[in-house]
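# Coordinates in review
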Amino acid sequence: GQNIDQPTEMTATEGAIVQINCTYQTSGFNGLFWYQQHAGEAPTFLSYNVLDGLEEKGRFSSFLSRSKGYSYLLLKELQMKDSASYLCAVRANRNAGNNRKLIWGLGTSLAVNP
Amino acid sequence: SAVISQKPSRDICQRGTSLTIQCQVDSQVTMMFWYRQQPGQSLTLIATANQGSEATYESGFVIDKFPISRPNLTFSTLTVSNMSPEDSSIYLCSVESRKDRGHYGYTFGSGTRLTVV
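Here the structure is a predicted model, which is why all the values come from computation and not from measurement.

## Observations regarding the nonpolar core
Ranked by internal contacts, the top residues of the largest apolar core, which has 26 residues, are Trp34(B), Ile46(B), Phe66(B), Ile68(B), Leu78(B), Tyr91(B) and Leu114(B). Contributing elements (two or more residues each) for this core: β3 (19-25), β4 (31-37), β5 (44-50), β8 (75-80), β9 (89-98) and β11 (112-116) of chain B. When residues of this core are assigned to their parent elements, the largest contribution, four residues, is made by β3(B). With 22 residues, the next largest nonpolar core counts Ile4(A), Ile20(A), Trp34(A) and Leu78(A) among its residues.

Below, the structure written as C-alpha cells:
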C-alpha cells in the first residue's frame, strides 16, 4: 500500500529551529512536496524535492533521501505566523493516466510559542 | 503559478439537496483535482478531472454522489448530491502549475466550506 507518516503535533519557540520529518512508502516516486496550511485556509506550496539533497528557500529548507524514503522540512528563525499545519505529499507513479495525483500525509500541526 | 477562483466560499445546505462548486483557472491546465478536507484532517482526493473525458474517482467516491464536469481546460465543477450531514466538509480544487526553476507544484482554490443541516 501507499503510506506517508509525519508527526501529528510539534511545539517550538519563537526564534528557534524546528525539523518536521516525513517518511513515505509508495509504489513509485516522482517528487515530494511540502505545503503549509493555516486554519481555515487552503494549502500553499512550500517546497518540492525530486532529487536527493537539500533545497533551501529563505527560512525554509527541505531535504530528501529517496533510498530511505525520508524527507524533512526545516524551519529557521521561527515566527508566530509559522503556526500552521505542514503537509507532506508524494507524487507516486500510478496506472497510466493518473500518475500526477498526490498522496498526502495527515499533516503536522506546529505551534510556535513566544 | 496558476490562480484559481473557487465558488462559493461557503454554504449551508439542507439535507437531501445538492450543491455545485465551481473552479475557474486563469490558464489552461490538463488535470484538475477535487479534494475533501474534514475538520482537523488531511486532504482526501475525490477525483481527477481531465478535459474531454470522464473523471477518475478514488476508492470510496462515486460519480452518482460527486458528479464532475470538465467542459474546457480552464473550468470544472463538482456537485455534492443528495447531501447528508456527513458531507459537511471543506471542498478544494487543485491544479498542477509551474513553480520556480521549472518545477511543477499544485495550486489550490480557496476552498468551499459546506455545512449540511
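After presenting the structure, the write-up continues.
## Focus on the state of the cysteines
For the coordinates displayed, the defined rule picks out two disulfides over all chains. Note that Cys22(A) is cross-linked by a disulfide to Cys88(A), the S-S spacing being 2.0 Å. Handedness here is read from the sign of the S-S torsion; for Cys22(A) and Cys88(A), about -70°, the answer is left-handed. Taken together, the positions of Cys22(A) in strand β3 (residues 18-25) and Cys88(A) in strand β9 (residues 84-91) put the pair 66 residues apart, joining distant regions of the chain. In terms of burial, Cys22(A) and Cys88(A) fall into one category: buried. What pairs with Cys23(B) in a disulfide is Cys93(B), and their sulfur atoms sit 1.8 Å apart. Here Cys23(B) and Cys93(B) share a disulfide; its torsion about the S-S bond, -90°, makes the bridge left-handed. In this pair, Cys23(B) sits in strand β3 while Cys93(B) sits in strand β9, placing the two residues 70 residues apart along the sequence. Cys93(B) matches Cys23(B) in its accessibility class, with the two residues each being buried.

## Let's talk about the confidence of the model for chain A
Averaged over all residues, the pLDDT of chain A equals 91, while 94% of them reach at least 70. Here strand β10 (residues 102-104) of chain A stands out as the element of chain A with the lowest mean pLDDT, 90, in contrast to strand β8 (residues 70-75) of chain A, whose mean of 98 is the highest.

## Here we look at the pattern of salt bridges
Applying the stated rule across the entire model yields six salt bridges over all chains. Arg66(A) is the partner of Asp52(A) in a salt bridge, and the nearest nitrogen-oxygen pair spans 3.0 Å. Taken as a pair, Asp52(A) in the loop between β5 (44-49) and β6 (53-57) and Arg66(A) in the loop between β7 (60-65) and β8 lie far apart in primary sequence, 14 residues in all. Salt-bridge contacts for Glu96(B) lead to Arg91(A); the nearest nitrogen and oxygen are separated by 2.8 Å. Residue Glu96(B) is located in strand β9, and its partner Arg91(A) is located in strand β9; the two belong to separate chains. Note on Glu96(B): relative accessible area 16%, which makes it buried.

## Remarks on the environment of Glu56(A)
Residues and elements named next belong to chain A. The topology assignment puts Glu56 in strand β6. A C-alpha to C-alpha distance of 25 Å links Glu56 and Pro114, two positions 58 residues apart in sequence. Sequence-distant contacts of Glu56, defined by excluding residues within four places in its chain, comprise Ser61 and Lys76.

## As for the sheet that holds β7(A)
Residue and element names in this part refer to chain A. Ordered in space as β1-β3-β8-β7-β6, the five strands form an open sheet in which the pairing is antiparallel. What marks the edges here is a single partner per strand, and that holds for β1 (3-5) and β6. Across the sheet, the axes of successive neighbouring strands diverge by a mean angle of 15°, strand direction being ignored. Judged from the six bridges that link them, β3 and β8 form a sheet pairing that is antiparallel. Its bridge partner being in β8, Cys22 is matched across the sheet by Ser71.

## What about the packing of aromatic side chains?
What describes a pair of aromatic rings is the distance from one ring centre to the other and the angle between the planes of the rings. Applying the stated criterion across every chain yields a total of 17 aromatic pairs over all chains. With a centroid separation of 5.8 Å and an interplanar angle of 65°, the aromatic rings of Trp104(A) and Phe108(B) are classed as edge-to-face. Linking Trp104(A) in strand β10 with Phe108(B) in strand β10 (residues 104-108), this pair reaches from one chain into another. Through successive ring pairs, a cluster of aromatic residues spans Phe33(A), Tyr35(A), Phe45(A), Tyr48(A), Trp104(A), Phe33(B), Tyr35(B), Tyr106(B) and Phe108(B).

What counts, and at which threshold
Residues numbered from 1 in each chain as written. Chains lettered and ligands numbered in written order. Predicted model: local features only at pLDDT ≥ 70, side-chain atom pairs only at ≥ 80, totals over all residues. Heavy atoms only, no water. Core = buried A, V, L, I, M, F, W, Y, C linked by side-chain atoms within 4.5 Å. Buried < 20%, exposed > 50% of the residue type's maximum accessible area, 1.4 Å probe, protein only. Helix = DSSP H or I, 4+ residues; strand = E, 2+ residues; numbered from the N terminus. Disulfide = S-S within 2.5 Å. pLDDT = per-residue confidence, 0-100. Salt bridge = Lys/Arg side-chain N within 4 Å of Asp/Glu carboxyl O. Contact = heavy atoms within 4.5 Å. Pairing = 2+ DSSP bridges. Axes fitted to C-alpha atoms, helices over the stretch in contact; angles between N-to-C directions. Phe/Tyr/Trp six-rings, centres within 6.5 Å; stacked < 30°, edge-to-face > 60°.

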